[in-house]
Amino acid sequence: MLEIQSLLGGFLVVLTWKNLAFMFVGILLGVIIGVLPGLGAANGVAILLPLTFSLAQQPGGTTTAIILLSCIYWGALFGGAITSILFNIPGEPWSVATTFDGFPLAQKGRAGAALTAAFTSSFFGALVGVLIITFLSPVIAQFALEFGAPEFFSVYLLTFCAFIGMSKEPPFKTLASMMTGFALAAVGTDPVTGTLRLTFGTERLLTGFDFLVAVIGLFGIGEILLTLEEGLEFKGASARIDMKVVLTTWKELPRYWATSLRSAAVGCFMGIVPGGATPASFMSYGIARRFSRTGDKFGTGEVEAVVAPETAAHAAGTSALLPMITLGVPGSPTAAVLLGGLLIWGLQPGPLLFVEQKDFVWGLIASMYLGNIAGLVVVLTCVPLFAAIMRIPFAVIAPIIVFICAIGAYTVNNALFDVWMMVVFGVAGYMFKKLSYPLAPMVLALVLGHAAESSFRQAMLFSQGHIAVFFSNGLVGTLTGLALLLLLWPLVSLVISRVRSAR
Amino acid sequence: MAEEGERAAFSVRTAELIVAAAFFLLGAIVIYGSVRLGAKWDANGPQPGYFPFYVGLIICISSMINFARGLRIRGERNTSFVSTGALRQVLSVLVPTAVFAALVGWLGIYVSGTLFIGLFMRWLGKYAWWKVALIAVGTSVAFFFIFEVWFLVPLPKGPLEALLHLD
């Protein structure tokens, strides 16, 4: 078992005091970020990314840096559940489904049980995701070493078509938002010929739009504006978790093994195919309701109904890193930001990572195991602390968060223009969210724009402009075919439902 | 009669149409820029504007469809996009944020951040002045130490830092 050997090597890389310290710092920061309105995993990682630059310069520093950032991600995944259950406010979009039964449970005085169930099933989901990454990613990376430009473009195509086929938002809104991401990515220097384009003579646009600034604006400022509409105060249930509640809940949980496994499977699938954690959590909530014996009681406060979305969200959030490290195609906005981090540190994400940066990759994978264990311990013990953070009045916390966002936007390129762009993206994020234009495809397009365009143009050069190159062999043909199927899926499902209702 | 502050500032339909029009404009700008660069093929393969041209085209087409769908929102479904009360709430944060962003270049990030936090707390939170001063100044000083001293990340500074020889 080569994977086990590599994984043990990874543990050796991770198990230093420095790495473990950064792991706990990351988890703590992540949970706080997940709890605070306006700071989410994606923009939290984006804000801290510029700070890791000096860290990554030291020997072995890239591993420490990725441990810090990925643990922020795990922490935020855990943190989302706290606000959902105690305050009925989803700290993160993937915890929306957790509020359905988590908050009623808290109102019944069973907040401790709901939180324990949420954290434990999050942990289980993440564990399944990491196991899949451990054993599947070397295989995929090996396979992808043979990829040429057409194969890579078809993978990108599949990624983006999956957004159109799988998202709940109207397909043309998804398309408009995604293409805007590509358009913004195209501003600046042409990746192939090096000519300037779409700058319209403005010096400020020479470097193009940085996706980190977009993430901070769209998710940070936009989220704060949205939260404000709800009013300035949060009222929530109080919670303490003691060992007794944890143990009784743990005794109850094995009963839901079928739900857990189903949700983990849904989550992993949706994470790898870039559907993302949010649809995964809704989907597995729906599936659990259909299959559960107490399905009709869902929504009134069922522990099983907390287990399902949390398992799926964490499984999806974790396995979203699989395509990122093996193919360089992130499955979620946060994975996209992490990918941006790799690029900034001078690592080329993709199949070669498994050959050239063995220590880094296996260190990252090993840290996923440890980080999630650390996360479970931290959240189970520190819930009152995190709930107290939620009680800080919004009039105090909101300007501080805006301040942090501004610092984050500035440090990306040391440019004041980026701080102004952050405000513009914030307004856009607010409008888009309210009109259900999805933000994730825009961010992913902004990150992958250059790579997608380069692979497309290389493939076209190679084939002298014949589009047939994307069907030239079995692999590329299958990928392109799947992509087109997903692209047309909204149309197909519309036809199916019309036919059904006609009967 | 609707309650004070509950009246719709503008409807979902208006918002949909404005956003769709904004997307169309963006697409049109991209198309214009790409055509100027050359969006065809030459001896070296696709020209720099080739890819953005189609991107712009798709933006324009999908925004037209979104616009048409927006036009069809009528009657019951044309709910309030944002009520006047909520809009006032949102603007009360957005306007200070924009002013803050504009002031950073002039006063530096620490001074404008202190003012921003302070005025925000005073106006929206109605806190006592001493609390306002404590939190606003405390946050900026903490950030100064975190960024300038620990992480050695220089942030924009203004006249005050120059006076104190901190830059």
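Conventions and cut-offs
- Residues numbered from 1 in each chain as written.
- Chains lettered and ligands numbered in written order.
- Predicted model: local features only at pLDDT ≥ 70, side-chain atom pairs only at ≥ 80, totals over all residues.
- Helix = DSSP H or I, 4+ residues; strand = E, 2+ residues; numbered from the N terminus.
- Rg over C-alpha atoms; globule rule 2.2 N^0.38 Å.
- Buried ≥ 20, exposed ≤ 12 C-beta atoms within 10 Å, placed from the backbone.
- Contact = placed C-beta atoms within 7 Å.
- Domains from an automatic or database assignment.
- Nonpolar A, V, L, I, M, F, W, Y, C, P; charged D, E, K, R; others polar.
- Expected span 1.5 Å × (residues − 1).
- Axes fitted to C-alpha atoms, helices over the stretch in contact; angles between N-to-C directions.
- Left-handed = near helix turned anticlockwise from the far one by under 90°.
- Parallel < 35°, antiparallel > 145°, perpendicular 65-115°, else oblique.
- pLDDT = per-residue confidence, 0-100.

J.: Quick one: what's the story with the overall build of chain A, residue by residue and with numbers?
T.: On a plain count of helices and strands, chain A comes out with 22 helices and two strands. Computed over C-alpha atoms, the radius of gyration of chain A comes to 22 Å, within 12% of the 23 Å expected from 2.2 N^0.38 for 503 residues, which places it in the range of a compact globule. When the backbone C-alpha atoms are referred to their principal axes, chain A occupies close to 70 × 60 × 50 Å. Burial statistics for chain A: of 503 residues in total, 62% are counted as buried. For chain A, the share of sequence-separated contacts (at least 6 apart) that also reach a separation of at least 24 residues comes to 80%.

J.: Hey, could you go over the overall build of chain B for me, with residue numbers and the actual values?
T.: Along chain B, the regular secondary structure elements total six helices and four strands. Ordering the α and β elements of chain B from the N terminus gives β-α-β-β-α-β-α-α-α-α. For chain B, whose C-alpha radius of gyration is 24 Å, the value lies well above the compact-globule estimate of 15 Å for 167 residues. Its C-alpha atoms put chain B at 65 × 60 × 20 Å along the principal axes. Scored against the burial criterion, the 167 residues of chain B give a buried share of 33%.

J.: I'd love a proper account of the domain arrangement of chain B, names of residues and values included.
T.: In terms of domain boundaries, chain B breaks down into domain 1 (9-82) and domain 2 (84-163). Summarising the inter-unit geometry, the C-alpha centres of domain 1 of chain B and domain 2 of chain B are found 36 Å apart.

J.: Before we move on, could you go through unusual backbone geometry and cite the residues and values that matter?
T.: Here A:Ser436, not a glycine, exhibits a phi torsion of approximately 50°, which is positive. Within the secondary structure, A:Ser436 sits in the loop between α20 (416-434) and α21 (440-462). On the basis of neighbour counts, which here come to 13 C-beta atoms within 10 Å, the residue A:Ser436 falls in the partly exposed class. Positive phi, close to 55°, is recorded for B:Lys126, a residue that is not glycine.

J.: Give me the lowdown on the interface of chain A and chain B, citing residues and values where you can.
T.: Listed by partner, the interface residues are 50 residues for chain A and 52 residues for chain B. In terms of residue class, the side of chain A that touches chain B is built from 37 nonpolar, six polar and seven charged.

J.: Which residues make up helix α19 (residues 394-413) of chain A, and what are the values?
T.: Residues and elements named next belong to chain A. For α19, with 20 residues, the first-to-last C-alpha span of 29 Å sits near the 28 Å given by 1.5 Å per residue. Among the 20 residues of α19, 17 are classified as buried, and the element is accordingly described as predominantly covered. Asn 414, located one to two residues past α19, shows a positive phi value of around 50°.

J.: Talk me through the environment of A:Ala445; I want residue IDs and the actual numbers.
T.: Residues and elements named next belong to chain A. With respect to the element layout, Ala 445 can be found in helix α21. In this structure Ala 445 comes out as buried when scored by C-beta crowding, with 26 C-beta atoms within 10 Å. A sequence separation of 371 residues divides Ala 445 from Trp 74, and the C-alpha atoms of the two residues are 24 Å apart. Once residues within four sequence positions are removed from consideration, Ala 445 is found in contact with Phe 160, Met 178, Gly 181, Phe 182 and Ala 185.

J.: Any details on the packing of helix α10 (residues 211-229) of chain A against helix α3 (residues 84-107) of chain B? Residues and values, ideally.
T.: Two numbers describe a pair of packed helices, the interaxial angle and the distance between the axes. Two elements in contact, α10(A) and α3(B), have axes whose closest approach is 8 Å; the angle formed by their N-to-C orientations is 145°. α3(B) is crossed by α10(A), and the crossing has right-handed handedness. Counted together, A:Ile221, A:Ile224, A:Leu225, A:Leu228 and A:Glu229 of α10(A) and B:Ala86, B:Gln89, B:Val90, B:Val93, B:Leu94 and B:Thr97 of α3(B) form the full contact between these two elements. Class assignment for the residues of the contact of α10(A) with α3(B) results in eight nonpolar, two polar and one charged.

J.: Would you mind going over the environment of B:Ala21 in detail, with residue names and values included?
T.: You can see B:Ala21 is positioned in helix α1 (residues 12-37). On the neighbour-count criterion, B:Ala21 (15 C-beta atoms within 10 Å) is partly exposed.

J.: Could you give an account of the environment of A:Met23, naming the residues involved and the relevant values?
T.: Residues and elements named next belong to chain A. Along the chain, Met 23 falls in helix α2 (residues 17-35). Put simply, Met 23 and Asn 372 are 349 residues apart on the chain and 9.8 Å apart in space, counted from C-alpha to C-alpha. The contacts of Met 23, once residues within four sequence positions are left out, are Ile 67, Cys 71, Ser 367, Leu 370, Gly 371 and Ala 374.

J.: Give a description of the packing of helix α7 (residues 111-144) of chain A against helix α12 (residues 257-272) of chain A that names residues and reports values.
T.: Residue and element names in this part refer to chain A. Across the interface, α7 lies against α12 with an axial gap of 10 Å and an inter-helix angle of 50°. In this view, α7 runs oblique relative to α12, as classed from their interaxial angle. In the crossing of α7 with α12, the sense of the turn from one axis to the other is right-handed. For the pair α7 and α12, contact is made by Ser 121, Phe 124, Gly 125, Val 128, Gly 129 and Ile 132 and by Ser 260, Ser 263, Ala 264, Gly 267, Cys 268 and Gly 271, respectively. A class-by-class count of the residues in the contact of α7 with α12 yields five nonpolar, seven polar and no charged.

J.: So, the confidence of the model for chain B: which residues are in play, and what are the values?
T.: On average, residues of chain B carry a pLDDT of 85, and 95% of them reach 70 or more. This complex was scored by the predictor with a pTM of 0.84 and an ipTM of 0.91.

J.: I'd love a proper account of α2(A), names of residues and values included.
T.: All names here are of chain A. For α2, with 19 residues, the first-to-last C-alpha span of 27 Å sits near the 27 Å given by 1.5 Å per residue. Every buried residue belonging to α2 is among Asn 19, Phe 22, Met 23, Gly 26, Ile 27, Leu 28, Leu 29, Gly 30, Val 31, Ile 33, Gly 34 and Val 35, and all of these are buried. Looking at the buried positions of α2, the neighbouring elements they touch are α1 (2-14), α3 (41-48), α5 (61-87) and α18 (358-390).

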